[in-house]
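Read off the chains here:
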Amino acid sequence: MADKLPLSLTINGVAHELAVAPERTLLEVLREELRAMGTKRGCDQGSCGACMVLVDGEPVFSCLSLAVKLRGRAITTIEGVEQGRELHPVQRALVQHGAVQCGFCMSGIVLTAKALLDRNPRPTVDEIRHALGSNVCRCSGYAKIVEAIASLSEPPGPALPEGGRS
Amino acid sequence: MRYAEPETVEEGVSLLAATEQARCLAGGASLVAMMHAGQVAPPMLISLHRIPELSTITEAADGIWLGAMVRHRTVASDVRLRGAMEVVRSAAGQLAHPAIRNMATIGGSVGLADPSTELPVALVAAAARVEIAGPRGRRIVPIEELFVDRFKTSLARGELVTRIFVPQGLSEAVGHHLRFSRVSGDYPTVSISLVLTLEGDTCRQARVAVGSCGPVPLHVDAADQRLVGSRLAEEDVAEAGRILAHAAVPMDDVRGTAEYRRMLIPRLLGRALSLAREHAHG
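Everything quoted here is computed from the prediction, not taken from an experiment. (Residues numbered from 1 in each chain as written. Chains lettered and ligands numbered in written order. Predicted model: local features only at pLDDT ≥ 70, side-chain atom pairs only at ≥ 80, totals over all residues.)

### Details of the overall build of chain A
For chain A, the count of helices and strands is five helices and five strands. Scanning chain A from its N terminus toward the C terminus, one meets helices and strands in the order β-β-α-β-β-β-α-α-α-α. Projected onto the principal axes, the alpha-carbon positions of chain A cover approximately 55 × 30 × 25 Å. Excluding contacts between residues fewer than 6 apart, the proportion of contacts in chain A whose partners are at least 24 apart in sequence is 56%. (Helix = DSSP H or I, 4+ residues; strand = E, 2+ residues; numbered from the N terminus. Contact = placed C-beta atoms within 7 Å.)

Here it is in structure tokens:
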């Protein structure tokens, strides 16, 4: 077992003082050290998007991010997006549109959508589909997910053509 | 596993030279995935993210230097990469998917030398040069000299890629990257990068590289020469495509058989040339 390194990580605005072996990923630290289970482990290969978090506001895979590299960065996980006891508007829209089925992909999708809307409050359906390119959902076929996110575009995005993920 | 975060290139080089099998960590998008899959188990990782010079982009009189730690996302949005250099921007904006482009770096792509990724292909088409730092100082080599085999570069022990020079090429040149993949976001079955200069409808200069069709990006002078001087008519493109398909040594894998890939090369070349031609005629 490799030696642990002292590490301060800022997660959802809170600084955590940890001791972490250098090969540990952020995903492992979140789930196994901090017992924050909202971030999911899917493929561990950067292919599925279930483990997605935001680092300085941009979507990245926590399964491919060594925790020690993230010193000084602002990490946002799904636990950090609710405002008070209120769901984030993206979460509300996904629920309202019936876009949530098994839910395993949702942490990543909520964070991807949040990052997109923070950067671009008026994404087109095409931009939404491109932004979701890193998130796999095996239940929904994506149509309702894209619809839900488009409903938050200001003004709301145009009606969705037939078909799911591009 | 040991871990270090050097703050200068020289410090990085001496760490790298001191530990056998030590690996540089760039964005981690491939290396960490390979560690998870048990394909590599480096005794030491040297993360390069605290070395400021590796993240810089510098304009020169005849091209642009991209620091090794510049991420694909940044390359994809840098509009100074135009003309011939656009082939690199075009590839960086299309490869993999958004979260990977947020993590992965150009130096990481070059150092990994994965034959199915696309930046090496685009850099070969762009005739890029690579600056390498090692225990005996720095040297600059044409990118094609760097790629020697699947996942294998000519970097010696203790050497690392510091930056990559993308030449601006001829003034009328255009660059384009075309990928063919089963679904958006997958590795390409075949990809084509090209730089093209037209005079009217006549091809004055061409440089074509093919990805996912051999151990290193495929570039054949004879194919380029077959296009130069032609009007890129159907038979010219077909013949250049045949030269490339003949030189290709693709593998069978889940994305396609070797035979299928050979069949794709001329077709994709035609499509890529049409797109580049439209681009050139604005």
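### Comments concerning the nonpolar core
In terms of nonpolar packing, the biggest core is built from 141 residues, with V88, A126 and L194 of chain B touching the most fellow members. Element by element, the count of residues in this core is highest for helix α3 (residues 106-119) of chain A, at eight residues. Beyond its immediate sequence surroundings of up to four residues, V88 of chain B is in contact with V75, L81, A122, L123, A126 and V166 of chain B. (Core = buried A, V, L, I, M, F, W, Y, C linked by C-beta atoms within 7 Å. Buried ≥ 20, exposed ≤ 12 C-beta atoms within 10 Å, placed from the backbone.)

### What about the pairing of strand β4 (residues 58-61) of chain A?
All names here are of chain A. As defined by bridge partners, strand β3 (residues 52-55) adjoins β4 across four bridges and the pair is classed as antiparallel. The partner of M52 across the bridge, within β4, is F61. The antiparallel pairing of β3 with β4 creates a hairpin that spans two residues between the two strands, and D56 there sits at a positive phi of about 50°. (Pairing = 2+ DSSP bridges.)

### Brief notes about the domain arrangement of chain B
Residues and elements named next belong to chain B. The domain architecture assigned to chain B consists of domain 1 (2-167) and domain 2 (174-281). Between the C-alpha centres of domain 1 and domain 2 the distance comes to 24 Å. In the side of domain 1 that touches domain 2, the residues fall into 15 nonpolar, five polar and five charged. (Domains from an automatic or database assignment. Nonpolar A, V, L, I, M, F, W, Y, C, P; charged D, E, K, R; others polar.)

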